[in-house]
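# Coordinate analysis (summary)
Here's the letter readout for the chains.
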Amino acid sequence: MATETRIREQPLDVVLAPASQAESSYRSGVLAPGFQSDTGLDLRYLGGKTIPQLTFTTVYLGTWDGGLQTELDHALDAAMADPHLNNVLAQYFPGTTISSAFHGSRLYTGQIPSRVYRDTIETIVAELDATGVLAGLDLPSSVVCLALPRGAVLVDGTSLGGHAERERDEAVDSEHGLGGYHGSIHVSRETIYYAAAVYSEGSNGIVAFPEPWQNVCATFYHELCEARTDPDVEDAIRAGATPAGERLLGWYSPAGGEIGDIPLRESGGDLSLVMREVPLADGSGSVPIQLMWSNAVGGPEGPISRPH
């Protein structure tokens, strides 16, 4: 791989509030004022897997209000299937038709701790698979979305970590700017992709909309778009800064991160620039999403009515 495409920073699979403690714990990027076109941040295809025909399910952890579940299920399904939003992503799947299918939501009745670590999330995903909850999903092209209950704190770290790691976790949890993340586990020779999102309200998570379910929807939209374009990022992180690890990455910006990361970093902390209600193509209403990075314009791009 040419030297200029080398990843200069550790790949990330988390969604972080710009200018927060959580973001600064990973890296200190320079935030551009406004959204002037910057092709230097453009995504590059590094050879890894992508998911053009996505299927996904939502699993609600702990106690959730049924009405909020319905709102979130409907909005996320509509956002992921919207042709105008998919036209933005189509540029990263040349010659391939992309699609998204929602396979309904499920409930997880197990106990959820007040602080939910990544190994807890991955244990739940493995349990869902082992008990048949994920039966019927085409796992190689599916993402399991885990929605944390109100008040639970999401942590990008392990519950088994030592003192130093636990101190680091204090700065990379949802009380310090973490909104969610996506990753994968390997079970019985299969890869299961997942995304986790915190119930964002008050000082927990990334709050850009008045209703918490709207914030969760935007976070899951961010993570699902990244899972479509760069599903094996966690394996790349596990592999470390090696050519083999880099080849696991799909569409990734050597200077900025994944498709959803760059707009957040370039927002200058003004979430209203990238977290927006956008109209659906069929005229049935609007959905809360985060704008994705578009190489076609060198910046975040809203829904478009024609493919690139």
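Notes on the structure in this doc start here. What you see is a predicted model, and the numbers here were worked out from it, not measured in a lab.

In this section: the overall build of the protein. Regarding its fold elements, the protein presents 9 helices and 14 strands. When each of the 308 residues of the protein is scored for burial, the buried share is 56%. For the protein, the accessible area works out to roughly 12,300 Å², and carbon and sulfur atoms hold 51% of it.

Let us look at helix H2 (residues 66-81). Relative to the 22 Å expected for 16 residues at 1.5 Å per residue, H2 spans 23 Å between its end C-alpha atoms, a close match to the ideal helical length. Residues of H2 that are buried include every one of Gln69, Leu72, Asp73, Ala75, Leu76, Ala78, Ala79 and Met80, and no others. Considering only its buried residues, H2 is in contact with strand S3 (53-61), helix H3 (83-89), strand S4 (99-108), helix H6 (212-229) and strand S12 (286-290). One side-chain oxygen of the residue at the start of H2 lies 2.9 Å from the amide nitrogen of Gly67, identifying that residue as Asp65.

This part is about H6. With 18 residues, H6 should cover 26 Å at 1.5 Å per step; its first-to-last C-alpha distance of 26 Å lies within 8% of that length. Judged by how many residues are buried, H6 sits mostly within the fold: 18 of 18 residues are covered.

The next thing to look at is the environment of Asp230. Relative to the helices and strands, Asp230 resides in the loop between H6 and helix H7 (233-239). Overall, Asp230 belongs to the buried group, its relative accessible area being 0%. Residues Asp230 and Glu258, spaced 28 residues apart in sequence, show a C-alpha to C-alpha distance of 7.4 Å. Not counting residues within four places of it along the chain, the set of residues in contact with Asp230 comprises Lys49, His182, Leu248, Leu249, Gly250, Trp251, Tyr252 and Glu258.

Moving on to the environment of Thr229. Relative to the assigned elements, Thr229 resides in helix H6. Taking C-alpha positions, Thr229 is 5.0 Å from Thr50, a pair spaced 179 residues apart along the chain. Ignoring anything within four residues of it in the chain, the contact list for Thr229 reads Lys49, Thr50, Tyr92, Phe93, Gly250, Trp251 and Ile259.

This next bit is on the pairing of S12. Burial runs high along S12: 4 of the 5 residues are buried. Taking the residues that link successive antiparallel strands as the turn, the strand S11 (residues 275-279)-S12 hairpin has 6 residues, and the phi of Gly283 there is positive, at about 75°.

Further remarks concern the pairing of strand S9 (residues 190-197). With respect to burial, S9 is a largely interior element, 6 of its 8 residues being buried. Bridge analysis of strand S6 (residues 142-147) against S9 gives 5 bridges, and the strand direction is parallel. Bridge pairing in S9 links Leu146 to Ala196. With 8 bridges joining them, strand S8 (residues 178-187) and S9 adopt antiparallel strand pairing. Looking across to S9, one finds that Tyr181 is bridged to Ala196. In textbook terms, the turn of a hairpin is the stretch between consecutive antiparallel strands, and for S8 and S9 this stretch comprises 2 residues, one of which, Ser188, has a positive phi near 50°.

Glancing now at the pattern of salt bridges. In a structure, side chains of opposite charge can pair up when their charged atoms sit close to one another. For the structure on display, the rule yields 7 salt bridges. For Asp235, the salt bridge goes to Arg238, with nearest N and O atoms at 2.3 Å. Taken together, the positions of Asp235 and Arg238, both in helix H7 and 3 residues apart, correspond to about one turn of that helix. Classification of Asp235 as buried rests on a relative accessible area of 14%. For Arg238, a relative accessible area of 45% translates into the label partly exposed.

Turning to the side chain of Gln69, a few remarks are in order. With respect to the helices, strands and loops of the structure, Gln69 is situated in helix H2. With near-sequence residues (within four places) excluded, Gln69 lies in contact with Tyr60, Trp64 and Leu107.

All right, on to the packing of H2 against H6 then. Taken N-terminus to C-terminus, the directions of H2 and H6 make an angle of 35°; their axes are 10 Å apart at the nearest point. In terms of crossing hand, the pair formed by H2 and H6 is right-handed. In this structure, H2 contributes Leu68, Glu71, Leu72, Ala75, Leu76, Ala79 and Met80 to the contact, and H6 contributes Trp213, Val216, Cys217, Phe220, Tyr221, Leu224 and Arg228. Residue composition of the contact of H2 with H6, by class: 12 nonpolar, no polar and 2 charged.

Calculation rules
Residues numbered from 1 in each chain as written. Predicted model: local features only at pLDDT ≥ 70, side-chain atom pairs only at ≥ 80, totals over all residues. Heavy atoms only, no water. Helix = DSSP H or I, 4+ residues; strand = E, 2+ residues; numbered from the N terminus. Buried < 20%, exposed > 50% of the residue type's maximum accessible area, 1.4 Å probe, protein only. Areas by Shrake-Rupley, 256 points an atom, 1.4 Å probe, with all protein chains shown as cover. Expected span 1.5 Å × (residues − 1). Contact = heavy atoms within 4.5 Å. Polar contact = N/O pair within 3.5 Å; in protein donor to acceptor, adjacent residues only side chain to side chain. Pairing = 2+ DSSP bridges. Salt bridge = Lys/Arg side-chain N within 4 Å of Asp/Glu carboxyl O. Axes fitted to C-alpha atoms, helices over the stretch in contact; angles between N-to-C directions. Left-handed = near helix turned anticlockwise from the far one by under 90°. Nonpolar A, V, L, I, M, F, W, Y, C, P; charged D, E, K, R; others polar.

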